[in-house]
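What the coordinates show
The residues making up each chain are set out below.
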Number of protein chains: 2
Amino acid sequence: MRYKCVVSYDGNRFAGWQKQADDLTIQETIEKAISRIVNHEVVIVASGRTDAKVHALGQVFHFETDKEISNFQKAINSQLPDDVYIRSVEEVTEDFHSRFDAKYKRYNYLINNGEYNPCMANYSCYIKEKLDIDLMKRASEVFIGTLDFTSFNATKLCENENQIRTIYKIEITKKDDLITISYYGNGFLRYMVRMITQTLIEAGLGSVSISEIQKMLDKKDKTACSYNASANGLYLVEVGYKEYQKNME
Amino acid sequence: MRYKCVVSYDGNRFAGWQKQADDLTIQETIEKAISRIVNHEVVIVASGRTDAKVHALGQVFHFETDKEISNFQKAINSQLPDDVYIRSVEEVTEDFHSRFDAKYKRYNYLINNGEYNPCMANYSCYIKEKLDIDLMKRASEVFIGTLDFTSFNATKLCENENQIRTIYKIEITKKDDLITISYYGNGFLRYMVRMITQTLIEAGLGSVSISEIQKMLDKKDKTACSYNASANGLYLVEVGYKEYQKNME
């Protein structure tokens, strides 16, 4: 039987999602927890990796087991540390694949643009200088659409690999001193959200113009953008398995 | 010269405010930072202690030095870790005392009453069962006024010591699934806020009635209340040096 799980985690303690030989990862932590419950080794497959320190509210993974466990969600959570939480467990058909079937993803990036707050330090990026939200919104329009994001990712790819992605929407909202940038796209390359975010921050500071950003994108060159916002402000909020709808929240 | 400082900190890494032989404390961390700046040993005096894991947004302390440092705030912060932040440094007269002169304190207690969120685990108390806010508000009225809080504190005191404190106001607000309880009082005994908070939570769950809470208070007995909410939801928000005003936020 195949199960689809939605999981939230605090990324601070982890060297990211993907299993590594020496460092603590979220994948390994969850695999160990599920393995203890079903009494056999389990491999989980996520919708995609998240990097070290990146948080998730709605990461999705799937796995298989023949064991039937009552109240599977509660059972797995009982084996997990406080910073990883299974939000739901759902039986799915064998053809469901958490990565290949994902139609869109939503990431949020949080910026504290007020006074420094130690309690938020690991959960947002701190920018002291006041950001011009209108400038950031206008700059964000450069990234909307089906575009070649070669300039805005750090993936080590063979030249031919596809670096075209679609960003459906970028929402920028401010509440008190907290700025949230929401990205909805059909997929995101490595560091893509963080590189775009830092570019929008630089735009909001007036350090880069919209035409310069457009030129960076048009270059399709990995050296074009040296911006990269810190990991601790980034949250994988949702993985969607139905087509993205324009008015969807 | 005497300086008054306002400091915020994330309590998670610390065994509380007060210096201890073996454990990392906030007092020690700040004293070391200031000592490095002024080049002599410094002792700082806080408005009061906070316990292990308790956070602060507006703790106040004072200290003395003869050294004149330009941009003192920035200099101290440059020597502090990310989870302790000096919000302000102000020269005061020699008769200012952070503890003896404090007229009121405000504590906030945060309760996540929705879905468990790993990113909030160290910054709020998680209560799964829906709390009845109206019941909690009514129960909170028991604690308003100048009262003997012997039943609601864990201080090891000689029998004669004063356990009478004044709570001016308790505000309970709910925003989405986050409940904030704000306490304004002329002073709080050890564990007093956490013990009252857990009592209000139990009231909100229907596990204790208002008349039972009144009886607990009237008993003036340290064994009367066994409730104690977890430290990680508690924030020292403000220390006031002017008389508390009824309509003050």
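Scope of this entry: the structure provided in the associated data block.

Thresholds applied
Residues numbered from 1 in each chain as written. Chains lettered and ligands numbered in written order. Predicted model: local features only at pLDDT ≥ 70, side-chain atom pairs only at ≥ 80, totals over all residues. Heavy atoms only, no water. Contact = heavy atoms within 4.5 Å. Buried area = accessible area lost by both parts, 1.4 Å probe. Salt bridge = Lys/Arg side-chain N within 4 Å of Asp/Glu carboxyl O. Polar contact = N/O pair within 3.5 Å; in protein donor to acceptor, adjacent residues only side chain to side chain. Helix = DSSP H or I, 4+ residues; strand = E, 2+ residues; numbered from the N terminus. Nonpolar A, V, L, I, M, F, W, Y, C, P; charged D, E, K, R; others polar. Buried < 20%, exposed > 50% of the residue type's maximum accessible area, 1.4 Å probe, protein only. Pairing = 2+ DSSP bridges. Arc of directions from axis to C-beta. 1 Å grid on protein atoms, 1.4 Å probe; cavity = no way out; pocket = protein on both sides within 12 Å on 5 of 7 lines; lining within 4 Å. Points joined across faces, edges and corners; volume = space filled by probe spheres on them.

**Considering the interface of chain B and chain A**
If you look at the interface, chain B gives 19 residues, while chain A gives 19 residues. Of the roughly 1,500 Å² buried at the junction of chain B and chain A (both faces included), carbon and sulfur atoms supply 57%. Viewed at the interface, chain A and chain B are joined by two salt bridges. Seen at the junction of chain B and chain A, the total is four residue pairs in polar contact (both at pLDDT 80 or more). Residue assignment for the side of chain B that touches chain A shows that the elements contributing at least two residues are β1 (2-9), β3 (55-64) and β4 (84-92) of chain B. The greatest single-element share of the side of chain B that touches chain A, amounting to three residues, is contributed by β4 of chain B. Tallied by class, the residues present in the side of chain B that touches chain A amount to ten nonpolar, three polar and six charged.

**Overview of the pairing of strand β3 (residues 55-64) of chain A**
All names here are of chain A. Across the ten residues that make up β3, a large majority, eight, are buried. As paired elements, strand β1 (residues 2-9) and β3 share seven bridges and run antiparallel to each other. What sits directly across from Tyr-3, in β3, is Phe-63. One ladder, built from two bridges, connects β3 with strand β10 (residues 234-240); its direction is parallel. When the bridges of β10 are listed, Ala-56 appears paired with Leu-236.

**Quick word on helix α3 (residues 133-140) of chain B**
All names here are of chain B. Three or more residues of α3 are buried, namely Ile-133, Met-136, Ala-139 and Ser-140. Within α3, the buried residues cover an arc of 125 degrees as seen down the axis, which keeps them to one side. One side-chain oxygen at the N-terminal end of α3 lies 3.1 Å from the backbone nitrogen of Asp-134; it belongs to Asp-132.

**Quick look at the pattern of salt bridges**
Residue and element names in this part refer to chain A. Following the criterion strictly, the structure yields 14 salt bridges over all chains and no others. The salt bridge partner of Glu-31 is Lys-19, with a shortest N-O separation of 2.6 Å. Of this pair, Glu-31 sits in helix α1 (residues 26-38) while Lys-19 sits in the loop between β1 and α1, and the two are twelve residues apart along the sequence. Classification of Lys-19 as partly exposed rests on a relative accessible area of 43%.

**Focus on the layout of surface pockets**
If you add up the space inside the largest pocket, you get close to 2,300 Å³. In this structure, the largest pocket is lined by 48 residues; those nearest its centre are Leu-110, Met-120 and Leu-178 of chain A together with Met-120 and Leu-178 of chain B. Here the element with the most residues in the lining of the largest pocket is strand β5 (residues 104-112) of chain A; it accounts for four residues. For the lining of the largest pocket, the residue count by class is 20 nonpolar, 15 polar and 13 charged.

**Examining unusual backbone geometry**
The phi dihedral of Lys-53 of chain A is positive, around 75 degrees, even though this residue is not glycine. Here Lys-53 of chain A is to be found in the loop between β2 (45-46) and β3. The partly exposed category is assigned to Lys-53 of chain A, whose relative accessible area is 39%. A positive phi angle is found at Asn-39 of chain B, which is not glycine, with a value near 65 degrees. Relative to the helices and strands, Asn-39 of chain B is located in the loop between α1 (26-38) and β2 (45-46). A residue is classified by how much of its surface remains accessible, and Asn-39 of chain B, at 65% relative accessible area, is exposed.

On their own, these measurements won't tell you what the molecule is for.
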